[in-house]
Structures are given as C-alpha cells and as structure tokens.
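Architecture at a glance
Chain by chain, the residues run as shown.
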2 protein chains.
Amino acid sequence: MAMPDELRDLLDGRWAALRRNSSELLGKLEPAHDLDREEYRAWVLEQLHALAEGGHPLTGFPAAYGGKDDVGGSVVAFEVLGYGDLSLMVKAGVQWGLFGGAVQALGTRAHHDEYLPAIMNLELPGCFAMTESGHGSDVQHLRTTATYDPASQEFVVHTPDVSARKDYIGNAARDGRMAVVFAQLVTAGESHGVHAVLVPIRDESGAPMPGVRIEDCGSKAGLNGVDNGRLTFDNVRVPRSALLDRYGSVSADGVYSSPIEGAGRRFFTMLGTLVRGRISVAGGAGSATKKALTIAIRYGLARRQFTRPDSDEEVVVLDYLAHQRRLLPALATSYALHFAQEELVSALHDVADDRGRRELESRAAGLKAVATWHATATIQTCREACGGAGYLSENLLAGLKADTDVFTTFEGDNTVLLQLVAKGLLTSYRDHVGDLDPWGMARFVADQFVGVVIERTAARAIIDRLVSGSSDALLDRGWQLRQFEDRERHVVEGLARRLRRATAENAFDVFNAAQDHVLHAARAHVDRVVLEAFVAAVDRCGDAATAGLLDQVCDLYALSTIEADRAWFLEHGRLTPARAKAVTQAVNDLCGGLRPHARRLVDAFGIPEGWLAAPIIT
Amino acid sequence: MAMPDELRDLLDGRWAALRRNSSELLGKLEPAHDLDREEYRAWVLEQLHALAEGGHPLTGFPAAYGGKDDVGGSVVAFEVLGYGDLSLMVKAGVQWGLFGGAVQALGTRAHHDEYLPAIMNLELPGCFAMTESGHGSDVQHLRTTATYDPASQEFVVHTPDVSARKDYIGNAARDGRMAVVFAQLVTAGESHGVHAVLVPIRDESGAPMPGVRIEDCGSKAGLNGVDNGRLTFDNVRVPRSALLDRYGSVSADGVYSSPIEGAGRRFFTMLGTLVRGRISVAGGAGSATKKALTIAIRYGLARRQFTRPDSDEEVVVLDYLAHQRRLLPALATSYALHFAQEELVSALHDVADDRGRRELESRAAGLKAVATWHATATIQTCREACGGAGYLSENLLAGLKADTDVFTTFEGDNTVLLQLVAKGLLTSYRDHVGDLDPWGMARFVADQFVGVVIERTAARAIIDRLVSGSSDALLDRGWQLRQFEDRERHVVEGLARRLRRATAENAFDVFNAAQDHVLHAARAHVDRVVLEAFVAAVDRCGDAATAGLLDQVCDLYALSTIEADRAWFLEHGRLTPARAKAVTQAVNDLCGGLRPHARRLVDAFGIPEGWLAAPIIT
C-alpha cells in the first residue's frame, strides 16, 4: 500500500478520522475461509460481536445512549466494512442500520430507553421485516395486519396468507430475537396504512415465540453468512406499546391519531426516515467495487501475456488498450461515485428542511441504483479481466460478485428507484418520492409540470464559472458539464411532454409507453449530479499535481459517460459524427495517459492489506 | 411444458431425435441439493457414470469402438446437458470432449485401441492439461517440457517452475488418472513446439504417481462439482508411445518428424482439431441462457406488482415495457444464437477442406465469445428481473450465473478469440487463426490485405433475394441484412487501412491503438453470421403461423442489435437521427407484440421440467 498522500486524504474526506479508525478496527478482523453455511453464519455473528465491542455501532446512535449522534459517520463506518466480509457488513447493516435505525427513527422515547442499549451492544439481535413474498417494490400494499384489540389493549399481528409472509428477512433464520414488523394498522375496522410494530420472534433459548413460524431462505448466490428467513404470524399478540408510534399512535381505547394526514403520505414519511439504508448500500457497493478494481488492476500490472514483437519481454496486460478500456473508465467512475457518495452522506448528515429531505431521498434512490449497477458490471469485468484465476474463490472476486449481486434489487429495486428519481425531477420534489404509483407520476405531470430547472448540487460557484467560460474542447470541463446538463434538461422536458398526454383513463398506457424514457431521464440526472460532485472534489484538492491527476480521471469519467450514451448526443444533434468519434479517441488517449498512475489510484482507496489477500496479487 | 409443436421441431433441427433422447436421459437424473464441495464432486462423478451407462459418450466416438461417429451429435448431446447440472456438463466435457477428444484427434491407432474404450466407459478418468499458471491465452508459449531420452526411449515431462505448473485442470484434483499434457517437445536439444503426451497422474488406488504433484484449486465461483486442480511434474518419465503422434512423432533413436512444417503451424493444426470444445461451450452457454430466460419469463408472467390505476388488479410485471425490454430482446438473441449454433455444429460435422476448417475455427471462436457474453449478461438480467427471489439458490438463477461465469474466459478468453476472428476476416482464412501474435495480424495485413468479401454463410439464395428486393423499411429483412453486411464491410475495411500502417518496428503500437476497432470488426462479423442463420431458419419453417411469429423474433433480434450499436450507424451516416429513434420505437413495439407469445417461445426450448424445479415458477 502506498503511504498516505494527498489523494488518499481527499478520498477520506470529511470523515477522514472515522474512516481510518473504522479501517483499523476492520484490519483487526481476519477473513473466514471455506466455512459451510452454518459455520459461516456463526463466524459472522462472532465478528459482529467484535464490532460491537470495538465500538462500531456507537457512531450512529444518540449520545443519550452512549452513541455519537453521527449519522453521516455511521454510513462511512458501514462503507469501510465493505472492504471486509460483505456478509458481516450486511448483518451489521441489518442489526444497527435497519433494525436499530427503525426503532430510533420510528419509535419514541420509551422504545429508545427500552431497546437501544441492547440493540447497540447486540444483546438484542433483531430484524427489519418489511418485504413480503408478494410485495417487494410496492410496500405500500403489504398485507400483514396489526389489528388493535381494545379489550386486551394489544395488537394482533397476522399473516393472512403465504403471499403476505415476510420474506428474505436478514437475521431471521438464526439469530434475531425481535422484529420490526411492517403491517397495515387497523383500529375499529379501519385501516391507517402501514406502520411498524415490535414483535418478539424468539425466546431467550432461541425457540420461535408462540404463533411465529420461522423458515430459512437457505442458500443464496452470496451473503451466505447472513441468515435470511421467512416469518409468518398467526394472530400474534403484542402490547399496545409495541407500536413504533412517532408518526401514528393508538390510544388505549383504540383511537388512532397521527401528526400526518393521509395513509400514503404518512407511510412515505416513515420510509423517508429510513433513507440511510439506501445510502449505505450505495456506499457498500462502492467499497466492494474499489476492492475488485484494486485486485484486477494490480493483477493487470503483474500479469504478462504474448511476447512483444520488438523484444523478448511479454506484454503487461494492462498495456493493452482493450484491457485499459475495461478497467480504467470503471475506475474513473468509481472515483466519481465516491465523491458523489460523500456529498450524499454530507447531505444526509446536514439535512434541515422537508424539501431537502425529499431531494435527499431522490438522490439516495438514484445513487443507489447507479452505484449498485456499476458494482455489478465492474466486478464482473474485473473477474473476467483476471481470467481463470479470477474464478477461484481464493482470489476474492468470486465472492465480491456473488455477495454484491443482490444490491441491485434490495433496499429498492433499481428500476423502481430510478422511476422515483424521475418523479422527483418532474414534480420538483413537491411530495415524498414514493408517494405515487408510477403512473400517478403521469397524471401528476399532466396537471402540474412547470418546466425543468437544473439546480447544481455541489460547488455551484466553480461550476458556474467553468460553464460560463467554457470552450467547445472535449477536455474543457465546462463543455462536459454543459453536455450533462443539457442532456438532462432535454430528456426530462421531452418526458414531461409525453406524460402530459395522460388522462385518468390512459395513465397506465402513457406511463408504460414512456418507461424507457423515464429511466433515461433519471440516469441523465444522476450522471450530472455525480459529475458535479467530482468537479467539486477536484476543486477542493490543495495539491496541484494531485489535482492534475484527478482532472484526467474526471475527464475519463465525463467522456466515457458521454461515449456510452453518444447515440443520444448524435440523435439530438449535440455531437456531430466526427466529434463523437473524437470522444472515443479521447477516451482511448485518457486510458493510455492514466495507465502509469493506475496503481496509485487504487492504493489511495486505502483498503486494509489483510483484506486483499488474493494469491494473484501477493 | 407445451406440447411438441412446429416451433420446437424447428429448434430441435437436424439432430432432433438425438436431442430428444439426450433430453430423456437427462430427465432421468435428478438435481442435487445443498451438498458441500466434496459431496458435490462425488455426486457429479456418480452422475457421470450414469451418463456413461446411458450411452451419452457413444455419440462422438468412432464406430470401431462402439461409438456412433456423430461429431455434430456429440455437441448437441453436450448442449442438452446444459439444461441440467452444469458441473456435470463440464465434467462430461472434460472427460469425453477434451481428454477423450484429444486422444482421438491427436493420437493414432495404438492410442485409440489402448485408451478409447476405457475413456468412453469412464474406467479411465482423465484430464486435458494445457493451461499453465503463467500461460493461458498464449498457449504456444507453454513452458512444460517433454524431453526425449533415447537411452531409455522415454519422454521426461518436467515443470521448470511454478508459472509452468498446469492450472485450473478439470478432473485433476480428485478423479483423473491420466492427463493429456501439452508440453514443448524437445529432441536432441531442439524444440519442436507444443505437443501432447499422455501422463499417468494417479495409480489405481488414487494416489499421485511418483514425481507428480497434485494440488486442489479449491472453491470456485461456481462449477464446484468439478475438481479443478494443479499439476506439477518433476522429471516424470513416460514411454515413447505416450506421445500423441498424429502430427509429430519421434523415432526410437530420437529423430523428430512431422507431416506439417513449422512448430507454429503444427501446433495450431493440432489446436484446430480441438475446435469442438469451443463449439460445445457456446452450446452449453446457450442452454443455460435459455433456462434462465425460461425461469425469468415464467416468473414475469406470474408475478404482479402495483395496482393498475383503472382496476383493482395488480399489473403482471412482464406487462411493463421496462421488463419486456430487459427480457425479450435477450430472448430474441437466444433464438438467433440457437440457429447460428446449429449452423456451426453442422459445419463442424460436414467440414471437408482446409479452408473450411479454418473458417470453422474462426466462426467457433466468434460464436463462443458472443454466446458466452450473452449468457453472462442475460443470466444476470434474469436474476435481477426476479428480485430477491432470484438471489435464492432454490430458484436456480444463482447457480446458473455462478456456473456459467467462467465460460467467457475458458476455452479461450473472449477478447482474444474475437481478435482471432478479426484476423480470419483480414487474411481471408489463409492460415490457421491462432498462428500469429495479435500484432502479427497488423504486419500480415500490411503485406497482404486485398479487400473485404462478404461471404454469406447460410441460405445464400434467400438472402440474395431478400437483399436485392429490399425497401428501406425498418422491418424489411433485406434492409436489416444490408445494415449488418454494410457495417461489417465498413468496419473491417477501416481496420485494414489502419493496420496497413504497421511496420516491423511499430506493429505492436499500431495494433494496440486499433484494438477496440479489431474487437468491433469481429463483433460486426459475428452479428451478421448470426442474423443469416436466423433468416435461414425462418425460411426452413414449414408452418406459416410459426414462421410469422419467428419473423417477429428475428425483427427484434435484428433491430435490438442495430439499436445497441446505433451510435456507429449514426456516426457513419447509415441512420439519420430520426430513423435511429424509429429503431428504438420499433424495438418497443416488437416487445409489446411478442409479449403474448413469451410463454410459447420459452416452452419451445423443451427444457425437462424436472430441471426447472424453481419454487418461483411452480
């Protein structure tokens, strides 16, 4: 590993100290090898205890309970776990982020007092039971019920049929003792929408509680150290106090009240408080991607194949243009996403008002989708770039691929998430992003769309200056920024025109016919936000040589992104054919220019060397 | 499963009877569940014996030894195994295709007499030991040696250092008793290039032979039922008769002779006889992809999410345009590749002359690359299209992804293979496709390139007619064919112009700067060959309604392929912006048009229902 340097400092960013401490804690743990599923689960639980003892969970919890009240830091600490064992990272996320986070965000003082200490120190392992077999994306229509019985002052939690069974629930199959169960809250025959209720699922001995059926999801593609399971409730009774009642409560005699009107708005307000989960997944995906790139690039610098015609030496495979093309634009994108992630974490940490919160939800959805698809594609490429060696478990890429594969669909399916982003753009974040069916967007736009405003999300002044002073050179940052902004504006406006045709009768068809356009609009928006974050980071860099290197990385990100969508730029007269070909050539040239810096660029991620113990790079 | 129909008959094609018999044999086996690695390996060996007893290996071996002399059929039988357990498929391929195939193709009568019966009935499990830790793609420069010792009339097989260790060798870690070892043949201090020698690696009791070190590659991303291992030889002596001497032999007193001059040409002639392996991988990848599509499409037809605005019903997810977009163009491509695979298998079966053989090698390389990348991308998409359920092992997609992942790099790394294809195009197949370093291509072209000739590979008469009578309508097959041909011609000619600049001094740099162009040329060629095969298949279809349906599938393949590369068509003035947008719209429309036929299209693959036992579709 390179000595700490300017580049690493810039990447470490606002939470540098925490990042290094977390990294040190992770460095004390050691990877597991060749365990079967039950052994692996046991190992993960053991490591989770080590994290608890090492203080990992404190960051995100309230100071009143011994925590540090550092919301942003809690995401950064999770991100760092992504350099280690990903089952451990996910299990930590389930216990402290989802389960603990729900108790913290949706519960009130009494819940905090009673449960947070035991959640933090892992005495009370728990689950976040939202998804059902029949409802994953459309969680507003979950079908588990929590019906209030005023006679006993209890809620009766019930699974009406198998499609309402809680499914894929982490911590459920083996370790969880309690679950935050999301259910339709019913009082006096009236439903108030989805609320969260605390339900004990196992007793002290580990046996399921009466009325709770627990199944094991069994083997998965990856993350086999996490015990995902299924929960079915047969009229399980919990006291009235089990309702996490920050956004809706039920009096002893069964009267429902809430500070928020409307079941939909209320539920999406609750969901909004859980946005940290999506941001964490984006960060974890980023860490796994960096680790894969580190392995593939270090191997690409060591591996040789085919003798040069003009010498006896074999060619280092990263000297091949095709190999550079596979790895270096992906590396540039990882840099870009890293800085966008840090902006997002900062926004989460600092968010002040409702509109900011809605914008945050939208950006979290977008970055989660883009970062996890980037992870899936890049880790795949890294595996292939290491050939047969990349297929062996000992070289870590197989596990990285398998473990991260689910990121594109958990904590929100990426396709659905991008639709939420588009909705935010079209409605100027006037309401919670989840609060409409997809086609509701179409009708909303028909009524209310007033035009696209590109609001810069980072380093506004510097971006203004770059854009206004820009030439038409491909390597002019202002020109690149203009292309990203212009594409977003044009795609979103075109989408709005299409969706405006919607009426109450044809909303589904109008929406559905434009669905690829919807996804493209969201993607164009996220790309722009990511580029702006990169530009802001380069601007923060105090060291001229480092900034110069980062400028090239940023060029590669910007131009490879334009290249990937250059059909759009050609179709819309933004690039001439000659200029489009010049973009491709510029990407090739940038790959060659960055090739000598590849090792430094991956070393700056600062991945603990103990977690990079792949024989092909050691 | 649908009743056998016209569509299935067309897909079953020339080897229909064999395909159904193989399918029946496979249907008698049952999937394994949740075995650990050693149990899984044992299970696979057991099933391999069941295949041997069921007659599976007979197809490809000579009638003189009880076989059926049906080379094409042997590939089809392998393909069918791709619907079942992929470790079993690969292990069968190693034993009978690679090991048995090498003895058959590179050995002579005495080897056949001595070994083929025991190879066929699995008494003699064996390995194909070509790849070394240090040389995978560049197998011409393997460093294991087989040095002839005239005193004892033996070859001394030796591994000079760890990078010359045989690596990733299937059947080596547990079961193999003999290996075909590829090594530099040395007589009297002179090297004659790579030859194959039979080396016993284990005795009857299963213990390694003296001087042979066997290591286990351990866990892999997938295919954990195959025992891949590493072989190191410490001056291991084998008799003179152990040399597979069809293309090169050594007399008792150590004089080397060969019917082929030049170590390079000789080795690539040997490799050429092993082309069946690549064709088999393309076929196996095709089967796995069809299975993934069958699962994802059947799930997409059963799964509902989000209530329609105009009714109480939830929407079937395959009704969403975005979902159709993910699955249906991939399905169309699977159809196209199926027919291209059948053409290729027929060409293998019927190949008559040397030029035909070289063209076959090139097409095998190209189709292997395209089919395996299609598998990787499509199976990934299918997993994502099934959400969390797709991540569970029980739903089979996780295994399909993990098991097929290595296909893109084994039996030839895809990037290297596409370079061989390009070389074939530029040299008009004047020599064996592997017989130059990549940059040798550049110098060759500089000297000899005479222009591109598009030779139609299937159904020449019908394609001539379609092209000559074509309009400019997007759905006119002739127009589509012209686009594919025109792109290939233009890209290859442009490439030739660039490579012509090569001199002895700058060949590497000229080649390397054009490497992305090289890959694009190969891709354009393969796309054209695939489309032609599809057109020929539609033309063979006797039933008008079925042909009409296939015509739409073919449109979707052609237009989604053009759409994916529409930047090129725009850059080169082949599509106007308006027309490029019309291509996108046409793909959307075709997706909608094929949606009602999706189930029939996957049922026609005829996958044994017992191997589709995924809870999400049952």
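Residues numbered from 1 in each chain as written. Chains lettered and ligands numbered in written order. Predicted model: local features only at pLDDT ≥ 70, side-chain atom pairs only at ≥ 80, totals over all residues. Heavy atoms only, no water.

As annotated in an unreviewed UniProt entry, chain A is acyl-CoA oxidase from Saccharothrix tamanrassetensis. In its Subcellular location (unreviewed entry) section, the UniProt record describing chain A reads: "Peroxisome". Recorded in UniProt under Sequence similarities (unreviewed entry), the annotation for chain A is "Belongs to the acyl-CoA oxidase family." (UniProt positions renumbered as here; feature names shortened; annotations may be inferred.)

The subject of this paragraph is the overall build of chain A. Scanning chain A from N- to C-terminus turns up 22 helices and 13 strands. Taken against the 2.2 N^0.38 rule, which gives 25 Å for 618 residues, the C-alpha radius of gyration of chain A at 25 Å falls within 12% of a compact globule. For chain A, the spread of C-alpha atoms along the principal axes amounts to about 85 × 60 × 40 Å. Here chain A, with 618 residues, has 64% of them falling under the buried criterion. Accessible surface, chain A as shown: approximately 20700 Å² in total, 51% of it carbon and sulfur. Separation between the mean location of the 65 positive side-chain charges and that of the 81 negative ones in chain A comes to 3 Å. (Helix = DSSP H or I, 4+ residues; strand = E, 2+ residues; numbered from the N terminus. Rg over C-alpha atoms; globule rule 2.2 N^0.38 Å. Buried < 20%, exposed > 50% of the residue type's maximum accessible area, 1.4 Å probe, protein only. Areas by Shrake-Rupley, 256 points an atom, 1.4 Å probe, with all protein chains shown as cover. Lys, Arg positive; Asp, Glu negative; His and termini not counted. Charge placed at Lys NZ, Arg CZ, Asp CG, Glu CD.)

Looking now at the pairing of strand β3 (residues 154–158) of chain B. Residue and element names in this part refer to chain B. Note that strand β2 (residues 145–149) and β3 share 5 bridges and pair antiparallel. Note on β3: the bridge partner recorded for D149 is E154. Between the end of β2 and the start of β3, which pair antiparallel, lie 4 residues, with Q153 showing a positive phi angle near 55°. Two elements, β3 and strand β9 (residues 236–239), share 4 bridges in a ladder whose sense is antiparallel. Its bridge partner being in β9, V156 is matched across the sheet by R237. (Pairing = 2+ DSSP bridges.)

Once that is clear, we can look at the UniProt feature "domain: Acyl-CoA oxidase/dehydrogenase middle" (unreviewed entry) in chain A. Here, the residues flagged by UniProt with the feature "domain: Acyl-CoA oxidase/dehydrogenase middle" (unreviewed entry) are residues 127–236 of chain A. As annotated, residues 127–236 of chain A comprises 0% helix and 45% strand, and the C-alpha atoms at either end are separated by 16 Å.

The subject of this paragraph is the packing of aromatic side chains. According to the stated counting rule, one finds 22 aromatic pairs over all chains in the structure shown. Aromatic pair F267 of chain A and F268 of chain A: ring centres 5.3 Å apart, planes at 55°, arrangement tilted. Centroid distance F407 of chain A to F410 of chain A: 5.3 Å. Interplanar angle 10°. Geometry classified as stacked. Under the relative-accessibility criterion, F407 of chain A is labelled buried at 1%. One aromatic cluster is present, built from ring pairs that chain together Y335, F339, F534 and F605 of chain A. The cationic tip of R487 of chain B hangs over the ring face of F484 of chain B; the distance from NZ or CZ to the ring centre is 5.7 Å. Sitting over the ring of W479 of chain B, R579 of chain B keeps its end group 4.7 Å from the ring centre. (Phe/Tyr/Trp six-rings, centres within 6.5 Å; stacked < 30°, edge-to-face > 60°. Lys NZ or Arg CZ within 6 Å of the ring centre and 35° of its normal.)

Attention now goes to the domain arrangement of chain A. Residue and element names in this part refer to chain A. For chain A, the assigned domains read domain 1 (4–120), domain 2 (126–273) and domain 3 (276–609). Each of domain 2 and domain 3 was reduced to a C-alpha centroid, and the two centroids are 36 Å apart. Contact with domain 2, which involves 9 residues of that partner, is made by 11 residues of domain 3. Interface of domain 2 and domain 3: buried area, both sides summed, is about 910 Å²; carbon and sulfur atoms make up 56% of it. Applying the counting rule to domain 2 against domain 3 returns 0 salt bridges. The tally of links between domain 2 and domain 3 comes to 1 residue pair in polar contact (both at pLDDT 80 or more). Of the residues belonging to the side of domain 2 that touches domain 3, the class tally is 3 nonpolar, 5 polar and 1 charged. (Domains from an automatic or database assignment. Contact = heavy atoms within 4.5 Å. Buried area = accessible area lost by both parts, 1.4 Å probe. Salt bridge = Lys/Arg side-chain N within 4 Å of Asp/Glu carboxyl O. Polar contact = N/O pair within 3.5 Å; in protein donor to acceptor, adjacent residues only side chain to side chain. Nonpolar A, V, L, I, M, F, W, Y, C, P; charged D, E, K, R; others polar.)

Take the UniProt feature "domain: Acyl-CoA dehydrogenase/oxidase N-terminal" (unreviewed entry) in chain A next. Mapped onto this numbering, the UniProt entry annotates "domain: Acyl-CoA dehydrogenase/oxidase N-terminal" (unreviewed entry) at residues 29–121 of chain A. The distance from the first to the last C-alpha atom of residues 29–121 of chain A is 18 Å, and the span holds 66% helix and 0% strand.

Attention now moves to the interface of chain B and chain A. Each side of the interface is counted separately: chain B has 78 residues, and chain A has 79 residues. Surface buried jointly by chain B and chain A totals about 6400 Å² across both partners, of which 51% is contributed by carbon and sulfur atoms. It is F306, Y391 and E571 of chain B that lose the most area in chain B upon contact with chain A, and together they represent 13% of the buried surface on that side. Taken together, the links from chain B to chain A amount to 58 residue pairs in polar contact (both at pLDDT 80 or more). In terms of residue class, the side of chain B that touches chain A is built from 28 nonpolar, 22 polar and 28 charged.

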